[in-house]
Amino acid sequence: MKKTQGDADAKKFYITTAIAYVNAAPHIGHALEFIQADALARFHRLNGDETWFVTGTDEHGTKIYEAAQKQGLGTQDFVDGNAKKFMDLKDILDLSYDDFIRTSSDRHKEGAQKIWTKMFDAGDIYKGSYKGLYCVGCEAFIPEKDLDTEGNCPIHKKKPQVLEEENYFFKLSKYSDKIKSLIASGELVVFPESRKNEMLNIIGEEGLRDVSFSRPKAVLPWGVDVPGDPEQVMYVWCDALSNYANAVDYAHEGELFKKFWPCDVHLIGKDILRFHAGIWIGMLMSADVEIPKAVYVHGFVTSEGQKMSKSIGNVVDPYEYLEKYGVDALRYYLLREIPTADDGDFSHSRFMDVYNSELANSLGNLVNRVTMMVERYLEGKVPEKTDGSEVKDVVAKVFAKYQKSFDSFDIKSAAEAVVELTNFANKYIDETKPWALAKVDMKRLAEVLYNLLEVLRYIAVLLLPILPKTAGIMAGQLGLAVADLRFSTDFGVLETGSKITVEGVLFPRIEA
């Protein structure tokens, strides 16, 4: 049964994405993470959990400052323009986030300065001289052991700069053993298991070392001021990572913070695991703030079997697919075809295969066939209810698989459960042959069509987190509002005599 606020078993669910760096336009990797987080948030709302979904933008750092100068813009004007591109994704990708936090906002700066002060008062921030290898592309110092064989940053393929500065440092090493214990015991969930083991190996090799926590303002004039030292600005860790708490009003520990902290899920890419499962956890312990419950880690999207590269010409433009095929087609491919917690490939030919076989031929055709048969044989009205015995067991099995999939961060498997129910409905039509029953047994025809209409309703329920627009259209065809779609296997929701409507084909087949 669907839970409601106030029920004893109702609970809260707070999910965040990594905040996007605003030096470039959104790409397919951003789309994957935002859509995954949106599906998780929508599922928890559907399941009756009081849900808060936050995303945002990371707007400080050397690259931002230098990019703004090159374009002859003030830095704030530059980030305002680029942040809007990410904010616009709410409508473009049909996202349901509740808040969008920007690190250039006053509320964020206030929270970042508060957590710095708490860490400083705990004796965990100290000043010292630092000499290291700095990659401008990563906005990070890189240990020499992490460079490739040619001495380049493994991500940006450029040699890092040698920098020596007087900075503030965070005593992350003080919390290394405790962080390792939290991850190993599962008190801090890192999922999938391979990423948990990766993080434990990172800590196990030599422990977590103290990290540089600020930059001289003479080098980086664009950032959050260090409390009590006007010559320094915060380095990325205390600035960007603190957004997750600041988005729920950590600065004042207001109602949102009391209701939703600790965060239930930080959803991030695999390249920033050590920052979220290491530095961020240490920061929270130092500031005496409860740690998050889980870090979910997704992989990267490749293109036609290769890493995306402008020089190769295989970069996937999400806007092209959105314009040609619609938002739900793109959402479906990213959630259905890309392994949720691993790397996956975006292939145009595979996109077309999945679209035509599963969206057009299976789902779209099913909805069209059932509603047209009700229109043709039953004057477009819901027939008498049945006991559902022919479909209830299958529905219960699919719902259980779907719930388990979402609970274990396997949205791909949840999408496969929807496919399973759709295939069942198409097979049920082939076996019962409603067009033949219309000639000989109208009572049996009514039973079959009622069962099929209820299965369509179940499919719409399961599609709501994955394809919200499609789920809404299907609900409308069944005479329901989106609010009527409840995560429940109760049978017989559609009322006898209510009107069914026939729409255009949901997913028209596309010829190559």
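One structure accompanies this document, and this report is about it. (Residues numbered from 1 in each chain as written. Predicted model: local features only at pLDDT ≥ 70, side-chain atom pairs only at ≥ 80, totals over all residues. Heavy atoms only, no water.)

1. Focus on helix α7 (residues 193-206)
In step 1: The terminal C-alpha atoms of α7 lie 21 Å apart, and with 14 residues this matches the ideal 20 Å at 1.5 Å per residue to within 8%.
In step 2: Those residues of α7 lying buried are Arg-195, Lys-196, Met-199, Leu-200, Ile-202 and Ile-203. For α7, the buried positions fall inside an angular range of 155° around the axis, keeping them on one side.
In step 3: In the segment just after α7, Gly-207 is the residue with positive phi, at about 75°. (Helix = DSSP H or I, 4+ residues; strand = E, 2+ residues; numbered from the N terminus. Expected span 1.5 Å × (residues − 1). Buried < 20%, exposed > 50% of the residue type's maximum accessible area, 1.4 Å probe, protein only. Arc of directions from axis to C-beta.)

2. Points about the packing of aromatic side chains
In step 1: Following the criterion strictly, the structure yields 36 aromatic pairs and no others.
In step 2: Here the aromatic rings of Phe-43 and Phe-406 are separated by 4.5 Å at their centres, their planes lie at 5°, and the arrangement is stacked. Separated by 363 residues along the polypeptide, Phe-43 in helix α1 (residues 28-46) and Phe-406 in helix α15 (residues 392-407) bring together distant segments of the chain.
In step 3: One aromatic cluster in this structure is built from Tyr-14, Trp-52, Tyr-244, Tyr-250, Phe-257, Phe-260, Trp-261 and Trp-280.
In step 4: Of note, Arg-215 hangs over the ring of Tyr-134, and the distance from its end group to the ring centre comes to 4.6 Å.
In step 5: Against the face of Tyr-458 rests Arg-457, its NZ or CZ located 4.6 Å from the ring centre. (Phe/Tyr/Trp six-rings, centres within 6.5 Å; stacked < 30°, edge-to-face > 60°. Lys NZ or Arg CZ within 6 Å of the ring centre and 35° of its normal.)

3. Brief notes about the pattern of salt bridges
When charged atoms on two side chains of opposite charge get close, those side chains can pair.
In step 1: Under the definition given, this model contains 36 salt bridges.
In step 2: Glu-198 is the salt-bridge partner of Arg-195, the closest N and O atoms lying 2.7 Å from each other. Taken together, the positions of Arg-195 and Glu-198, both in helix α7 and three residues apart, correspond to about one turn of that helix.
In step 3: Since its relative accessible area comes to 15%, Arg-195 is described here as buried.
In step 4: Overall, Glu-198 belongs to the partly exposed group, its relative accessible area being 27%.
In step 5: Note that Asp-225 is salt-bridged to Lys-217, the shortest N-O span being 2.8 Å.
In step 6: Among the charged side chains, a network of salt bridges with common partners joins Asp-38, Arg-42, Asp-94 and Arg-331. (Salt bridge = Lys/Arg side-chain N within 4 Å of Asp/Glu carboxyl O.)

4. So, the sheet that holds strand β6 (residues 140-141)
In step 1: Strand order in the open sheet formed by four strands is β6-β5-β7-β9, with antiparallel pairing between adjacent strands. Pairing within the sheet leaves two strands with one partner each, and these edge strands are β6 and β9 (211-212).
In step 2: In this structure, strand β5 (residues 125-135) lies alongside β6, joined through two bridges in antiparallel fashion. Bridge pairing in β6 links Tyr-134 to Phe-141. (Pairing = 2+ DSSP bridges.)

5. Section: the environment of Lys-293
In step 1: Structurally, Lys-293 is set in the loop between α11 (273-286) and β14 (294-298).
In step 2: Residue classification places Lys-293 among the partly exposed residues on the basis of a relative accessible area of 42%.
In step 3: As for Lys-293 and Val-382, which are separated by 89 residues in sequence, their C-alpha atoms are 45 Å apart.

6. Details of the sheet that holds strand β10 (residues 214-216)
In step 1: Read from one edge of the open sheet, three strands run β10-β12-β11, paired in antiparallel fashion. Only two strands of the sheet have a single neighbouring strand rather than two, namely β10 and β11 (225-226).

7. Considering the pairing of strand β12 (residues 229-234)
In step 1: Bridge analysis of β10 against β12 gives three bridges, and the strand direction is antiparallel. Across the sheet, residue Pro-216 finds its bridge partner in β12, namely Gln-232.
In step 2: Where β11 and β12 come together, two bridges link them in antiparallel fashion. Within β12, the position partnered with Asp-225 by the bridge is Val-233.
In step 3: Taken together, β11 and the strand that follows it, β12, pair antiparallel across an intervening segment of two residues, in which Gly-228 is found at a positive phi of about 85°.

8. Observations regarding the pairing of strand β13 (residues 265-269)
In step 1: Counting buried positions along β13 gives five out of five residues, so the element sits mostly inside the fold.
In step 2: Along β13, one buried face is formed by Val-265, Leu-267 and Gly-269 and the opposite face, lined by His-266 and Ile-268, is buried too.
In step 3: By the bridge criterion, three bridges tie strand β1 (residues 12-17) to β13 in an arrangement that is parallel. When the bridges of β13 are listed, Thr-17 appears paired with Leu-267.
In step 4: Remark: the β13/α11/β14 crossover connection has right-handed handedness. (Right-handed = clockwise from strand over helix to strand, strands pointing away.)

9. What to know about the environment of Trp-261
In step 1: With respect to the helices and strands, Trp-261 occurs in the loop between α10 (255-260) and β13.
In step 2: Dropping the residues within four chain positions of it, Trp-261 is found in contact with Lys-12, Tyr-14, Tyr-244, Ala-245, Val-248, Leu-256, Trp-280, Leu-284, Val-289 and Glu-290.
In step 3: A polar atom in the side chain of Trp-261 sits 2.8 Å from the backbone oxygen of Glu-290. (Contact = heavy atoms within 4.5 Å. Polar contact = N/O pair within 3.5 Å; in protein donor to acceptor, adjacent residues only side chain to side chain.)

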